[in-house]
Amino acid sequence: LWIRNNRIERTDAYTAILVDNQDNTELSYIEGNYIVGLDDTTGDSDSNAAIWTTGFTCVTRNNKIKNFKYGIVYRNNLTGGRFATPLCDYNDFQDCTSGISIYSNDGDSSVALVGNSFNGVTTRVDPLAGFDAGFIGCRCGTKLEIYQAAAPTGGTWAVGDRQINDTPTAGGAIGSVCTTAGA
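These numbers were taken from a predicted model, which means no experiment stands behind them.

**Considering the sheet that holds strand β12 (residues 92-94)**
Then comes step 1: Strand order in the open sheet made by the five strands is β2-β5-β8-β12-β15, with parallel pairing throughout. Edge strands, defined here as strands with exactly one partner in the open sheet, are β2 (7-9) and β15 (117-119). Across the sheet, the mean angle separating the axes of adjacent strands is 10° when strand polarity is ignored.
Then comes step 2: Direction of pairing for β12 relative to β15: parallel, over a ladder of three bridges. When the bridges of β15 are listed, F93 appears paired with F118.

**Topic: the sheet that holds strand β7 (residues 58-61)**
Then comes step 1: One open sheet holds the four strands; their spatial order is β1-β4-β7-β11, and the pairing between them is parallel. At either end of the open sheet lies a strand with only one pairing partner, and these are β1 (2-4) and β11 (88-89).
Then comes step 2: Judged from the four bridges that link them, strand β4 (residues 28-31) and β7 form a sheet pairing that is parallel. When the bridges of β7 are listed, Y29 appears paired with V59.

**Considering the pattern of salt bridges**
Then comes step 1: Under the defined criterion, the tally for this structure stands at seven salt bridges.
Then comes step 2: A salt bridge links D12 to R10, with the nearest nitrogen and oxygen atoms 2.3 Å apart.
Then comes step 3: For D12, a relative accessible area of 29% gives the class partly exposed.
Then comes step 4: For R10, a relative accessible area of 25% corresponds to the partly exposed category.
Then comes step 5: Across the pair R139 and D89 runs a salt bridge whose closest N-O atoms are separated by 2.2 Å. With R139 in strand β17 (residues 134-140) and D89 in strand β11, this residue pair connects regions lying 50 residues apart in the sequence.

**Digging into the pairing of β7**
Then comes step 1: Pairing geometry for β7 and β11, over two bridges, is parallel. Residue pairing across strands places T60 opposite C88, the latter belonging to β11.

**Section: the side chain of S101**
Then comes step 1: You can see S101 is positioned in strand β13 (residues 98-104).
Then comes step 2: Excluding residues within four positions of it along the chain, S101 makes contact with Y70, I72, V73, Y74, D126 and L128.

**Focus on the nonpolar core**
Then comes step 1: Of all hydrophobic cores here, the largest spans 25 residues; its most connected members are I17, I35, I51, I65 and I102.
Then comes step 2: Contributions of two or more residues to this core are made by β3 (17-19), β6 (49-53), β9 (70-78), β13 and β14 (109-114).
Then comes step 3: If you look at the next biggest cluster of nonpolar residues, it comprises eight residues, including V114, L144, I146 and W157.

**Let's talk about the pairing of β17**
Then comes step 1: Across the seven residues that make up β17, a large majority, five, are buried.
Then comes step 2: Across four bridges, the pairing between β14 and β17 is parallel. Note that in β17 the partner of A112 across the bridge is F135.
Then comes step 3: Looking at chain direction, β17 and strand β18 (residues 143-147) are connected through four bridges and run antiparallel. Residue pairing for β18: G137 is matched across the bridge by I146.
Then comes step 4: Following β17, the chain reverses through two residues before pairing antiparallel with β18; G141 in that reversal takes a positive phi of roughly 65°.

**Thoughts on the environment of N48**
Then comes step 1: Following the sequence through the fold, N48 ends up in the loop between β5 (34-36) and β6.
Then comes step 2: The class of N48 is buried, set by a relative accessible area of 1%.
Then comes step 3: In the structure, N48 is positioned 103 residues away from A151 in sequence and 32 Å away in space, judged by C-alpha atoms.
Then comes step 4: Once residues lying within four places of it in the same chain are set aside, the contact partners of N48 are A13, Y14, D39, T42, F68, K69 and Y70.

What counts and how
- Residues numbered from 1 in each chain as written.
- Predicted model: local features only at pLDDT ≥ 70, side-chain atom pairs only at ≥ 80, totals over all residues.
- Heavy atoms only, no water.
- Pairing = 2+ DSSP bridges.
- Helix = DSSP H or I, 4+ residues; strand = E, 2+ residues; numbered from the N terminus.
- Axes fitted to C-alpha atoms, helices over the stretch in contact; angles between N-to-C directions.
- Salt bridge = Lys/Arg side-chain N within 4 Å of Asp/Glu carboxyl O.
- Buried < 20%, exposed > 50% of the residue type's maximum accessible area, 1.4 Å probe, protein only.
- Contact = heavy atoms within 4.5 Å.
- Core = buried A, V, L, I, M, F, W, Y, C linked by side-chain atoms within 4.5 Å.

As C-alpha coordinates, then:
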(Lines give C-alpha, C1' and ligand atoms only; values in the text may rest on other atoms or scores of the structure.)
Protein backbone atom coordinates (compact mmCIF):
# COMPACT_ATOMS: atom_id res chain seq x y z
CA LEU A 1 0.00 0.00 0.00
CA TRP A 2 1.32 3.43 -0.98
CA ILE A 3 -0.40 6.69 -0.05
CA ARG A 4 1.77 9.33 -1.65
CA ASN A 5 1.81 12.99 -2.69
CA ASN A 6 -1.74 13.95 -1.72
CA ARG A 7 -3.15 17.19 -0.36
CA ILE A 8 -5.81 16.51 2.25
CA GLU A 9 -7.78 19.17 4.12
CA ARG A 10 -10.16 18.06 6.88
CA THR A 11 -13.32 20.06 7.61
CA ASP A 12 -14.10 18.07 10.76
CA ALA A 13 -12.03 16.73 13.67
CA TYR A 14 -11.50 13.17 12.45
CA THR A 15 -8.63 11.16 11.02
CA ALA A 16 -7.44 12.09 7.53
CA ILE A 17 -5.66 8.80 6.71
CA LEU A 18 -6.42 5.54 8.53
CA VAL A 19 -4.50 2.34 7.76
CA ASP A 20 -5.38 -0.93 9.51
CA ASN A 21 -2.11 -2.82 9.18
CA GLN A 22 -2.14 -4.91 12.34
CA ASP A 23 -2.25 -8.30 10.59
CA ASN A 24 -0.04 -7.29 7.66
CA THR A 25 3.60 -8.34 7.42
CA GLU A 26 4.37 -6.27 4.31
CA LEU A 27 5.36 -2.63 4.62
CA SER A 28 2.92 0.14 3.76
CA TYR A 29 4.11 3.67 3.02
CA ILE A 30 2.48 7.02 3.71
CA GLU A 31 4.80 9.66 2.31
CA GLY A 32 4.98 13.11 0.81
CA ASN A 33 1.45 14.13 1.80
CA TYR A 34 0.31 17.59 2.89
CA ILE A 35 -2.42 17.16 5.50
CA VAL A 36 -4.28 20.05 7.16
CA GLY A 37 -6.75 19.55 10.02
CA LEU A 38 -9.68 21.54 11.32
CA ASP A 39 -8.14 22.28 14.74
CA ASP A 40 -5.64 20.93 17.22
CA THR A 41 -7.87 20.71 20.30
CA THR A 42 -11.10 18.90 19.41
CA GLY A 43 -11.68 15.39 20.72
CA ASP A 44 -10.54 13.51 23.78
CA SER A 45 -9.40 10.49 21.80
CA ASP A 46 -6.73 9.95 19.19
CA SER A 47 -9.31 10.09 16.39
CA ASN A 48 -8.34 13.70 15.60
CA ALA A 49 -5.15 12.56 13.84
CA ALA A 50 -3.64 13.26 10.44
CA ILE A 51 -2.43 9.64 10.15
CA TRP A 52 -3.71 6.78 12.31
CA THR A 53 -2.37 3.25 11.87
CA THR A 54 -2.91 0.05 13.80
CA GLY A 55 0.29 -1.66 12.74
CA PHE A 56 4.01 -1.22 12.95
CA THR A 57 4.54 -2.19 9.33
CA CYS A 58 3.44 1.28 8.21
CA VAL A 59 6.26 3.70 7.38
CA THR A 60 5.37 7.40 7.55
CA ARG A 61 7.90 9.81 6.09
CA ASN A 62 8.23 13.22 4.47
CA ASN A 63 4.66 14.27 5.33
CA LYS A 64 3.71 17.83 6.24
CA ILE A 65 1.05 17.79 8.96
CA LYS A 66 -0.68 20.87 10.28
CA ASN A 67 -3.37 21.63 12.86
CA PHE A 68 -4.36 18.25 14.33
CA LYS A 69 -4.62 17.12 17.94
CA TYR A 70 -2.36 14.18 17.00
CA GLY A 71 -0.03 14.24 14.00
CA ILE A 72 0.72 10.52 13.58
CA VAL A 73 -0.68 7.74 15.80
CA TYR A 74 0.73 4.20 15.92
CA ARG A 75 -2.00 2.51 17.94
CA ASN A 76 -1.41 -1.25 17.96
CA ASN A 77 0.48 -2.04 21.17
CA LEU A 78 4.14 -2.08 20.22
CA THR A 79 5.57 -4.96 22.21
CA GLY A 80 9.12 -5.59 23.37
CA GLY A 81 11.95 -4.98 21.05
CA ARG A 82 14.41 -2.60 19.54
CA PHE A 83 13.36 -1.26 16.17
CA ALA A 84 16.34 -0.03 14.16
CA THR A 85 14.38 0.20 10.90
CA PRO A 86 12.67 3.37 9.65
CA LEU A 87 9.17 3.91 11.01
CA CYS A 88 8.37 7.59 11.35
CA ASP A 89 11.02 9.85 9.80
CA TYR A 90 11.42 13.31 8.27
CA ASN A 91 7.87 14.51 8.88
CA ASP A 92 7.08 18.18 9.50
CA PHE A 93 4.55 18.85 12.28
CA GLN A 94 2.99 22.29 12.73
CA ASP A 95 0.44 23.46 15.30
CA CYS A 96 -0.43 20.02 16.70
CA THR A 97 -1.02 19.11 20.34
CA SER A 98 1.05 15.92 19.92
CA GLY A 99 3.40 15.18 17.04
CA ILE A 100 4.00 11.41 17.15
CA SER A 101 2.08 9.00 19.37
CA ILE A 102 3.30 5.44 19.75
CA TYR A 103 1.40 3.12 22.05
CA SER A 104 3.47 0.46 23.81
CA ASN A 105 1.96 -1.82 26.41
CA ASP A 106 5.13 -3.21 27.98
CA GLY A 107 7.78 -0.48 28.36
CA ASP A 108 10.41 -2.61 26.59
CA SER A 109 10.19 -1.11 23.11
CA SER A 110 12.55 1.39 21.49
CA VAL A 111 11.99 3.21 18.18
CA ALA A 112 14.26 5.96 16.88
CA LEU A 113 12.26 8.80 15.29
CA VAL A 114 14.63 10.49 12.86
CA GLY A 115 14.67 13.95 11.27
CA ASN A 116 11.18 15.07 12.27
CA SER A 117 10.56 18.79 12.84
CA PHE A 118 8.11 20.19 15.39
CA ASN A 119 6.86 23.78 15.21
CA GLY A 120 4.06 24.87 17.54
CA VAL A 121 3.75 21.30 18.86
CA THR A 122 3.01 20.93 22.57
CA THR A 123 4.31 17.34 22.98
CA ARG A 124 6.73 15.97 20.39
CA VAL A 125 6.35 12.28 21.32
CA ASP A 126 3.31 11.05 23.30
CA PRO A 127 3.03 7.48 24.67
CA LEU A 128 -0.82 7.57 24.58
CA ALA A 129 -1.29 6.30 28.15
CA GLY A 130 1.18 3.48 27.50
CA PHE A 131 4.94 3.44 27.98
CA ASP A 132 7.55 5.57 26.24
CA ALA A 133 8.60 3.75 23.06
CA GLY A 134 9.43 6.53 20.58
CA PHE A 135 12.63 8.50 21.01
CA ILE A 136 13.84 11.50 19.01
CA GLY A 137 17.19 10.49 17.60
CA CYS A 138 18.98 8.79 14.74
CA ARG A 139 20.11 5.41 13.51
CA CYS A 140 23.86 4.99 13.09
CA GLY A 141 24.20 1.69 11.25
CA THR A 142 22.72 -0.82 13.67
CA LYS A 143 23.06 1.52 16.67
CA LEU A 144 20.45 3.93 18.00
CA GLU A 145 21.29 7.39 19.26
CA ILE A 146 18.59 9.30 21.14
CA TYR A 147 18.44 12.92 22.25
CA GLN A 148 16.96 13.63 25.67
CA ALA A 149 18.04 15.03 29.02
CA ALA A 150 18.62 11.69 30.79
CA ALA A 151 19.29 8.04 30.03
CA PRO A 152 16.06 6.18 29.21
CA THR A 153 14.41 4.20 32.01
CA GLY A 154 12.54 1.89 29.62
CA GLY A 155 12.94 0.34 26.21
CA THR A 156 15.23 -2.32 24.81
CA TRP A 157 18.79 -1.27 23.99
CA ALA A 158 21.89 -2.81 22.42
CA VAL A 159 25.48 -2.42 23.57
CA GLY A 160 26.77 0.81 22.01
CA ASP A 161 23.39 2.58 21.77
CA ARG A 162 23.79 6.14 23.03
CA GLN A 163 21.79 8.82 24.78
CA ILE A 164 22.98 12.37 24.09
CA ASN A 165 22.01 15.05 26.59
CA ASP A 166 19.92 17.58 24.63
CA THR A 167 20.01 20.10 27.50
CA PRO A 168 23.66 20.04 28.61
CA THR A 169 24.97 22.12 31.49
CA ALA A 170 28.50 23.13 32.46
CA GLY A 171 30.12 20.25 34.32
CA GLY A 172 27.22 17.90 33.49
CA ALA A 173 27.31 14.62 31.63
CA ILE A 174 27.31 14.70 27.83
CA GLY A 175 25.22 11.52 27.72
CA SER A 176 25.42 7.79 28.30
CA VAL A 177 26.27 4.59 26.42
CA CYS A 178 24.55 1.21 26.82
CA THR A 179 27.05 -1.35 28.13
CA THR A 180 24.62 -4.24 28.79
CA ALA A 181 22.07 -5.21 26.15
CA GLY A 182 18.43 -5.71 27.10
CA ALA A 183 15.48 -3.96 28.63
